[in-house]
Amino acid sequence: MFAFQARKLDSLRQEEDTGNQEEFDRNIAGAINNEALEVAVTTDNARNIPPHDLATTVPQLAYPLNRIILEGEWDYLLDVLKLTEAGAEMKPDLYPSFVCNRSYKLEHIQNEEEKRRLAGILSYITHLVKFKDKHSMDGVSSAKHHKIPGMLFQKFSSMFAVPDSKRLPDEKKALLINYVLVLTLFVDDFRSDLSDIAKDLRMNIGTLRPHYEYLGCKLVREKHVLLATLPAPLKFQTVRRKRRR
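Residues numbered from 1 in each chain as written. Predicted model: local features only at pLDDT ≥ 70, side-chain atom pairs only at ≥ 80, totals over all residues. Heavy atoms only, no water.

Trainee: Is there a simple way to explain the overall build of the chain in this structure?
Mentor: Within the chain, the secondary structure is distributed over 10 helices and 3 strands. Mapped in sequence order, the helices and strands of the chain form the string α-α-α-α-α-α-α-α-β-α-α-β-β. Every one of the 245 residues in the chain was classed for burial, and the buried ones make up 47%. Excluding contacts between residues fewer than 6 apart, the proportion of contacts in the chain whose partners are at least 24 apart in sequence is 63%. (Helix = DSSP H or I, 4+ residues; strand = E, 2+ residues; numbered from the N terminus. Buried < 20%, exposed > 50% of the residue type's maximum accessible area, 1.4 Å probe, protein only. Contact = heavy atoms within 4.5 Å.)

Trainee: Any chance you could explain the sheet that holds strand S3 (residues 225–229) here in plain terms?
Mentor: By way of backbone hydrogen bonds, the strands of a sheet pair with one another, either parallel or antiparallel. With antiparallel pairing, 3 strands are arranged side by side in an open sheet as S1-S3-S2. Each edge of the open sheet is held by one strand with a lone partner, namely strand S1 (191–193) and strand S2 (218–222). Across this sheet, the average inter-strand angle for adjacent strands is 35 degrees, counted without regard to direction. One ladder, built from 3 bridges, connects S1 with S3; its direction is antiparallel. In the sheet register, Arg191 faces S3, and the bridge partner there is Thr229. (Pairing = 2+ DSSP bridges. Axes fitted to C-alpha atoms, helices over the stretch in contact; angles between N-to-C directions.)

Trainee: Hey, could you run me through the environment of Val162 in this one?
Mentor: By the element assignment, Val162 lies in the loop between helix H7 (150–160) and helix H8 (170–187). Separated by 10 residues in the primary sequence, Val162 and Lys172 place their C-alpha atoms 8.9 Å from one another.

Trainee: Hey, could you run me through the packing of helix H6 (residues 112–134) against H8 in this one?
Mentor: Each pair of packed helices can be described by the angle between their axes along with the distance between the axes. Where H6 meets H8, the axes come as close as 10 Å, and the angle between the chain directions of the two elements is 155 degrees. For the element pair H6 / H8, the angle class is roughly antiparallel. Handedness of the H6/H8 crossing: left-handed. Between H6, through Arg117, Leu118, Ile121, Leu122, Tyr124, Ile125, Leu128, Val129, Phe131 and Lys132, and H8, the contact on the second element is made entirely by Lys173, Leu176, Ile177, Tyr179, Val180, Leu183, Thr184, Phe186 and Val187. When grouped by side-chain class, the residues that make up the contact of H6 with H8 number 15 nonpolar, 1 polar and 3 charged. (Parallel < 35°, antiparallel > 145°, perpendicular 65-115°, else oblique. Left-handed = near helix turned anticlockwise from the far one by under 90°. Nonpolar A, V, L, I, M, F, W, Y, C, P; charged D, E, K, R; others polar.)

Trainee: What is the right way to read the packing of aromatic side chains from this model?
Mentor: The full count for this structure, using the stated rule, is 7 aromatic pairs. A centroid spacing of 5.6 Å and a plane angle of 70 degrees characterise the contact between Phe131 and Phe156, whose relative ring orientation is edge-to-face. Here Phe131, found in helix H6, pairs with Phe156, found in helix H7; they are 25 residues apart in sequence, far enough to count as distant. With respect to burial, Phe131 and Phe156 carry one shared label: buried. In this structure an aromatic cluster arises from ring pairing among Tyr124, Phe131, Phe153, Phe156, Phe160 and Tyr179. (Phe/Tyr/Trp six-rings, centres within 6.5 Å; stacked < 30°, edge-to-face > 60°.)

Trainee: Would you mind showing me how to read the side chain of Lys132 here?
Mentor: Within the secondary structure, Lys132 is located in helix H6. The side chain of Lys132 is buried and forms no salt bridge, while Asp133, the nearest opposite charge, is found at 4.8 Å. Non-local contacts of Lys132, meaning those with residues more than four positions away in its chain, are made with Leu168, Lys173, Leu176, Ile177 and Leu201. (Lys, Arg positive; Asp, Glu negative; His and termini not counted. Salt bridge = Lys/Arg side-chain N within 4 Å of Asp/Glu carboxyl O.)

Trainee: Please clarify how helix H10 (residues 205–214) should be interpreted in this entry.
Mentor: Residue pairs spaced three or four apart in an α-helix point in one direction, given the helix's 3.6 residues per turn. Looking only at H10, the buried set comprises Leu208, His211 and Tyr212. Looking down the long axis of H10, one finds its buried residues gathered within 100 degrees of arc, a one-sided arrangement. Of the surrounding secondary structure, the elements contacted by the buried residues of H10 are H8, S1, helix H9 (194–200), S2 and S3. Where H10 begins, the side chain of Asn204 points an oxygen toward the backbone nitrogen of Gly206, at a separation of 3.0 Å. Positive backbone phi, at 100 degrees, marks Gly216, one or two positions downstream of H10. (Arc of directions from axis to C-beta. Polar contact = N/O pair within 3.5 Å; in protein donor to acceptor, adjacent residues only side chain to side chain.)

Trainee: How should I be thinking about the environment of Arg167 in this particular structure?
Mentor: Tracing the backbone through its elements, the reader meets Arg167 in the loop between H7 and H8. In this structure, the C-alpha to C-alpha distance between Arg167 and Asp133, residues 34 residues apart in sequence, is 9.6 Å. Excluding residues within four positions of it along the chain, Arg167 makes contact with His135 and Met137.

Trainee: Looking at this model, I keep getting lost on the pairing of S3. Mind explaining?
Mentor: Both faces of the sheet carry side chains from a regular strand, because those side chains alternate between them. Of all 5 residues making up S3, 4 are buried, and the element is well covered by its neighbours. Hairpin remark: S2 followed by S3, antiparallel, with 2 residues in the connecting loop; positive phi at Lys223, about 50 degrees.

Trainee: Looking at this structure, how should I read the environment of Leu61?
Mentor: Relative to the assigned elements, Leu61 resides in helix H3 (residues 59–62). By relative accessible area, which is 47% here, Leu61 ends up partly exposed. Taking the C-alpha atoms as reference, Leu61 lies 8.8 Å from Ala232; in sequence the two are 171 residues apart. Look past the residues within four positions of Leu61 in its chain and what remains in contact with it is Asp53 and Thr56.

In structure tokens, the structure reads:
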């Protein structure tokens, strides 16, 4: 199935090169639509968090990466890798501070597959943050010239946006934030400093902390730095509801 999909994507990329972006976006949506929408179906709607595995005792598998970034999406997440390989500077006005401050990690990775994986995660975080900015009053200017690949834009729109609305509903915005935070854990080897991503999400650490805790993270302080860790198996906080009188 993936070989067929790869050939289809190659064909569609050729159409994109002809400048027919609108037609490309329609075709790419049809090529991977079922796979992309699977994420929305498998997300735990009750908790509003990314797909997860409660049984695993390995933090890396608690939120399966292959159910967050799908097989057909990695080829559209090469911008960070190409910049790094070209020795170009990642400008903070184009990339989130979290991504800029973690890009150095790519220089120390010898395994090409591992390097591409980390670079892809950083690119995916960028697109999620910019998608949030595009739908918020305080961030729209920072995302004005950012181009999200058509395939990802459709996926994000189906998961987080509401038709005919420029703003994300609070529940959907929280889900987007939770996706971002899970990916930051992968980048930081599951010991993530909250400060950079809080700035990128236009939140303070105090308001971001409950999001990490909601995902099953534990917060620890080391040398005056607050870090989010992910114990496994996942244990979620019990959501208390007020009784009606």
